[in-house]
Amino acid sequence: MSMNIGTTTVFAKKSLGVEIIEPALTPPTHKIPTLPAKPKLGSSKPKSKRRDIPEGLWTKCPKCNTMIFDKELDENLKVCPKCNHHFPITARERIHSLVETCTFEEMDADMSSVDILKFASYESKLERDRKATLLKDAVVTGLCKIGAHRVGLGVMEFGFMGGSMGSVVGEKLTRLIERSTEKGLPVIIISASGGARMQEGAFSLMQMAKTSGALAYHAQRRLPYLSILTQSDYGGVMASYASLGDLILAEPGALIGFAGPRVIKDTTQAELPPGFQTAEFLLDHGLIDAIISRREMKEQLITYLDFMGSGKKAAAS
Ligand SMILES: [Zn+2]
């Protein structure tokens, strides 16, 4: 019995059809919580006299200061249950939250950047982020199913060099768009990026034209492209594929712009309105079409895809 703790689904499956030793009247549907390890008092920060809170159990919301139980936060797709603050989420977590189980067929997972300009410490930064994210570069692409729709999905990883777009990000997205065009599928790209990757110089900038060109061919076939802006989206990414969606959606509180506020203020010498680069401000000013909470994203995407595909089905029948 003890070996089954923590893997309740396996336990339930294994007990089917075999002799049941003891009736499991209420099989636990959630992972059985293990007792937290006893915090080592005074080991991490000996100078702090505050009550020790074991790390990795609670997270403080930066917006409303509520302490949230990590398990609760994970179950809520990393959205604060009190104030709806959207915490950053990894590309893998996001894919998991959107696509139907076991339908994601990843493309070009092993493609990785070359330090062609011999840019100082680029190699070591790539290595550091490969280890931290277990990805080869800042985007994950693949074909998958969302609801009943087969789509091409690209998700950027902000944790990999700020989600910056170098030659690999551009190439992977272009291949995704081209494959989707070939197969007649909608494309969804979820961006989180500081912009073009300076360590690859002009090679990064060329990705803007390449991805936009691929999207133009995709659009010629009248296939839907949905761009979703999350966390923060700036520079060359915002100036190319992220702003080319037939529908441009954003998560609440996402920061969206070309240059950062400090650069704009210094350049224009003008006073900027408060919150002018937030998704909420840009919705009011027409740059984006809707703000959708992460918790409703999947449902909404299915509704949009139903709507955008319905014209095609009507024409075919
Ligand atoms: Zn909060």
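Criteria and cut-off values
Residues numbered from 1 in each chain as written. Predicted model: local features only at pLDDT ≥ 70, side-chain atom pairs only at ≥ 80, totals over all residues. Helix = DSSP H or I, 4+ residues; strand = E, 2+ residues; numbered from the N terminus. Buried ≥ 20, exposed ≤ 12 C-beta atoms within 10 Å, placed from the backbone. Contact = placed C-beta atoms within 7 Å. pLDDT = per-residue confidence, 0-100. Pairing = 2+ DSSP bridges. Right-handed = clockwise from strand over helix to strand, strands pointing away. Core = buried A, V, L, I, M, F, W, Y, C linked by C-beta atoms within 7 Å. Axes fitted to C-alpha atoms, helices over the stretch in contact; angles between N-to-C directions. Parallel < 35°, antiparallel > 145°, perpendicular 65-115°, else oblique. Nonpolar A, V, L, I, M, F, W, Y, C, P; charged D, E, K, R; others polar.

Please clarify how the overall build of the chain should be interpreted in this entry.
Across its full length, the chain carries 10 helices and 10 strands. Counting all 317 residues of the chain, 32% fall into the buried class. For the chain, the proportion of contacts with a sequence separation of at least 24, taken over those separated by at least 6, is 67%.

Please clarify how the confidence of the model for the chain should be interpreted in this entry.
Of all residues in the chain, 80% attain a pLDDT of 70 or more, and the chain-wide mean is 87. Counted against residues more than four places away or in other chains, residues 1-25, with its pLDDT under 50, gives 10 contacts.

What is the right way to read the pairing of strand β7 (residues 225-233) from this model?
The side chains of a regular strand alternate between both faces of the sheet. Taken across its nine residues, β7 has nine buried, putting it largely inside the fold. Judged from the six bridges that link them, strand β6 (residues 187-193) and β7 form a sheet pairing that is parallel. The partner of I188 across the bridge, within β7, is L226. You can see the chain leave β6, run along helix α6 (residues 201-220) and come back into β7, and the turn it takes is right-handed. Of the strand pairs in this sheet, β7 and strand β8 (residues 247-250) are connected by four bridges, and their pairing is parallel. Bridge pairing in β8 links L229 to A250. In the sheet, β7 pairs with strand β9 (residues 255-256) via two bridges, with the strands oriented parallel. Looking at the pairing, S232 lines up with L255 of β9.

I would appreciate a short explanation of the nonpolar core in the present structure.
The nonpolar side chains of a soluble globular protein tend to be buried with one another. Counting residues in hydrophobic clusters, the biggest one holds 51 residues, and the most contacted among them are M156, I188 and L229. Setting aside residues up to four positions removed in sequence, L229 forms contacts with S191, A242, I248, A250, A254, I256, A279 and I288.

How should the environment of C80 be read in this particular structure?
Mapped onto the secondary structure, C80 falls in the loop between α2 (70-75) and α3 (91-98). A tally of 20 C-beta atoms within 10 Å means that C80 is categorised as buried. Between the C-alpha atoms of C80 and C61, which are 19 residues apart in sequence, the distance is 6.8 Å. Setting aside anything within four residues of it in sequence, one finds C80 in contact with C61, K63, C64, T66, I68 and H85.

Would you mind showing me how to read unusual backbone geometry here?
Peptide bonds are trans in most cases, and residues, glycine excluded, mostly fall at negative phi. For C102, which is not glycine, the phi dihedral falls at a positive 65°. Topologically, C102 is positioned in the loop between α3 and β3 (105-107). Given 8 C-beta atoms within a 10 Å radius, C102 is considered exposed.

What am I meant to see in the packing of helix α5 (residues 167-183) against α6 here?
A packed helix pair is summarised by two numbers, namely the angle formed by the two axes and the spacing between the axes. Two numbers describe how α5 lies on α6: the axes approach to 9 Å, and their chain directions differ by 10°. With respect to α6, the axis of α5 lies roughly parallel. Mapping the contact onto sequence places S167, V169, G170, L173, T174, I177, E178, S180 and T181 in α5 and F203, S204, Q207, K210, T211, A214, L215, Y217 and H218 in α6. Each residue belonging to the contact of α5 with α6 can be placed in one class, and the counts come to seven nonpolar, nine polar and two charged.

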